[in-house]
Amino acid sequence: MAQGAGKKRIGLFPASFDPITNGHLDLIERSRVLFDEVVLGLARNVSKSATFSNEERLAILETVTRDMEGVSVRVFDGLVVHYAQAIGASAIIRGLRANQDFEYEFEMALMNNHLAPGVEIVFFMTSQEYLYV
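Residues numbered from 1 in each chain as written. Predicted model: local features only at pLDDT ≥ 70, side-chain atom pairs only at ≥ 80, totals over all residues. Heavy atoms only, no water.

1. Considering the packing of aromatic side chains
Reasoning step 1: Evaluated as defined, the whole model comprises three aromatic pairs.
Reasoning step 2: With a centroid separation of 5.4 Å and 80° between ring planes, the pair formed by Phe 13 and Phe 17 is classed as edge-to-face. Across this residue pair, the class does not change: Phe 13 and Phe 17 are buried.
Reasoning step 3: Aromatic pair Phe 76 and Tyr 83: ring centres 4.7 Å apart, planes at 10°, arrangement stacked.
Reasoning step 4: Using a relative accessible area of 3% as the deciding quantity, one classes Phe 76 as buried. (Phe/Tyr/Trp six-rings, centres within 6.5 Å; stacked < 30°, edge-to-face > 60°. Buried < 20%, exposed > 50% of the residue type's maximum accessible area, 1.4 Å probe, protein only.)

2. Observations concerning helix α4 (residues 99-115)
Reasoning step 1: Given a rise of 1.5 Å per residue, 17 residues ought to cover 24 Å, and the 24 Å separating the end C-alpha atoms of α4 matches this to within 8%.
Reasoning step 2: For α4, every residue scored as buried is listed here: Asp 101, Glu 105, Ala 109 and Asn 112. All buried residues of α4 fall inside an arc of 70° around its axis, so they share one side. More than 90 degrees from the buried face of α4, the exposed residues found are Asn 99, Gln 100, Glu 103, Glu 107 and His 114.
Reasoning step 3: Residues of α4 that are buried sit in contact with α3 (80-87), β4 (91-96) and β5 (120-125). (Helix = DSSP H or I, 4+ residues; strand = E, 2+ residues; numbered from the N terminus. Expected span 1.5 Å × (residues − 1). Arc of directions from axis to C-beta. Contact = heavy atoms within 4.5 Å.)

3. Structural notes on unusual backbone geometry
Among all residues except glycine, the phi angle is most often negative; among peptide bonds, the trans geometry is most common.
Reasoning step 1: Here Asp 18 and Pro 19 are connected by a cis peptide whose omega angle stands at 0°.
Reasoning step 2: Mapped onto the elements, Pro 19 comes out in the loop between β1 (10-15) and α1 (22-31).
Reasoning step 3: Even without being glycine, Phe 17 reaches a positive phi, approximately 50°.
Reasoning step 4: With respect to the helices and strands, Phe 17 occurs in the loop between β1 and α1.
Reasoning step 5: On the basis of relative accessible area, Phe 17 is assigned to the buried category, the value being 2%.

4. A closer look at a nonpolar patch on the surface
Reasoning step 1: Residues Leu 79, Met 111 and Leu 115 make up a contiguous nonpolar surface patch of about 270 Å² in total accessible area.
Reasoning step 2: Relative to the helices and strands, Leu 79 is located in the loop between β3 (71-76) and α3. (Patch = residues over 30% accessible without salt bridge, like charges linked within 9 Å, V, L, I, M, F, W, Y side chains within 5 Å. Areas by Shrake-Rupley, 256 points an atom, 1.4 Å probe, with all protein chains shown as cover. Salt bridge = Lys/Arg side-chain N within 4 Å of Asp/Glu carboxyl O.)

5. Overview of the nonpolar core
Reasoning step 1: Of all hydrophobic cores here, the largest spans 18 residues; its most connected members are Phe 13, Phe 17, Ile 28, Val 38, Leu 40 and Leu 61.
Reasoning step 2: Breaking this core down by element, the ones donating at least two residues are β1, α1, β2 (37-43), β3, β4 and β5.
Reasoning step 3: The dominant element in this core, judged by the number of residues it contributes, is β2, at three residues.
Reasoning step 4: Ignoring sequence-local partners within four residues, the contact set of Phe 13 consists of His 24, Leu 27, Ile 28, Val 38, Val 39, Leu 40, Gly 41 and Ile 93. (Core = buried A, V, L, I, M, F, W, Y, C linked by side-chain atoms within 4.5 Å.)

Treat this as a map of the structure, not an account of what it does.
As structure tokens, this is what we get:
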């Protein structure tokens, strides 16, 4: 992820976070090693029935990440890759738990690369303790 001198490395971690899990928190912590700023992109998905409202999920995310330096929470609409470009993210952060995740994420990564070749996709394998959650 070569960047120009002095340019902030921004990683976008998009998800519905409905609810946020220990697996999400693990990925956030691990992402902070690679990026100057990790933006948690709270995806508004009107076609998906949510357990918590957007406002509740936003409040929960802000509460659990308030002491994490370099982590911000933002709500967005539209395509993830377009939002990544809009905020200047160099990468989209995704987690992989099993083969099914890989198949889906691989197809999405190919499409995102087609739409925005300058935005990388960074995959984190789940930590073993969160594999079956």
